[in-house]
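Each chain is listed here by its residues.
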Amino acid sequence: MGNGHQFDEFRQNVIPALQSKREEFVLFGYGEVKEQDIWHYLQKKKWKKPQNSPSLHTVVNDILRLNVSEYMHFATIEAFKASSNGLDGPDAFKDLLG
């Protein structure tokens, strides 16, 4: 399927659903979350296993069913992984603590 994700073909068609979900995040006080962040989450977590013939309604449903706590849990773990890159082994954290 090339270098892209299986669901990339739906991206342009689901922009209104992504915008709606982003507005929901803003209402809950998470205005820093963008549509591309939501899309990235869905690609890495919800759609990480290939599916046979995914449909547009499935993609929209997945976007609209995403809840804020699911995304924030994922974002927290991703931030932790990013901040710990370059640390070698369990003793590296001891060095950080002093």
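Right above here is the structure, for reference.
Residues numbered from 1 in each chain as written. Predicted model: local features only at pLDDT ≥ 70, side-chain atom pairs only at ≥ 80, totals over all residues. Heavy atoms only, no water.

Asker: I keep staring at the environment of E78 and nothing clicks. Help me out?
Answerer: Secondary-structure assignment places E78 in helix α4 (residues 68-84). Classification of E78 as partly exposed rests on a relative accessible area of 21%. For the pair E78 and Y41, spaced 37 residues apart in the sequence, the C-alpha separation amounts to 9.9 Å. (Helix = DSSP H or I, 4+ residues; strand = E, 2+ residues; numbered from the N terminus. Buried < 20%, exposed > 50% of the residue type's maximum accessible area, 1.4 Å probe, protein only.)

Asker: I tried to follow the packing of aromatic side chains on my own but got confused; where do I start?
Answerer: Given two aromatic rings, one states the distance between the centres and the angle between the planes to describe the pair. This model, assessed by the stated rule, comprises 7 aromatic pairs. A ring pair is formed by F7 and F10, whose centres lie 6.2 Å apart and whose planes are at 45 degrees; its orientation type is tilted. Here F7 and F10 have matching classes, each one buried. For the pair Y41 and Y71, a centre-to-centre distance of 6.0 Å together with 75 degrees between the ring planes defines the contact as edge-to-face. Of this pair, Y41 sits in helix α2 (residues 35-46) while Y71 sits in helix α4, and the two are 30 residues apart along the sequence. Accessibility expressed as a relative area gives 8% for Y41, which makes it buried. Linked through ring pairs, F7, F10, W39 and W47 together constitute an aromatic cluster. (Phe/Tyr/Trp six-rings, centres within 6.5 Å; stacked < 30°, edge-to-face > 60°.)

Asker: What am I meant to see in the nonpolar core here?
Answerer: In a soluble, globular protein the nonpolar side chains are often hidden away together inside. Counting 18 residues, the largest nonpolar core has F25, I38, W39, V59, I63 and Y71 as the members making the most contacts within it. Those elements giving two or more residues to this core turn out to be α1 (15-27), α2, α3 (56-65) and α4. Looking at this core element by element, the count peaks at 4 residues for α2. Apart from the residues lying within four places of it in its own chain, the contact partners of I63 are V14, A17, L18, K21, W39 and L42. (Core = buried A, V, L, I, M, F, W, Y, C linked by side-chain atoms within 4.5 Å. Contact = heavy atoms within 4.5 Å.)

Asker: How should α2 be read in this particular structure?
Answerer: Because an α-helix completes one turn every 3.6 residues, residues spaced three or four positions apart along the sequence face the same direction. For α2, with 12 residues, the first-to-last C-alpha span of 15 Å sits near the 16 Å given by 1.5 Å per residue. All buried positions along α2 are accounted for by I38, W39, Y41, L42 and Q43. Each element contacted by the buried residues of α2 is listed here: α1, α3 and α4. (Expected span 1.5 Å × (residues − 1).)

Asker: Explain the side chain of Q43 to me, please; I cannot follow it from the model alone.
Answerer: Along the chain, the position of Q43 falls in helix α2. Judged by its relative accessible area of 17%, Q43 is buried.

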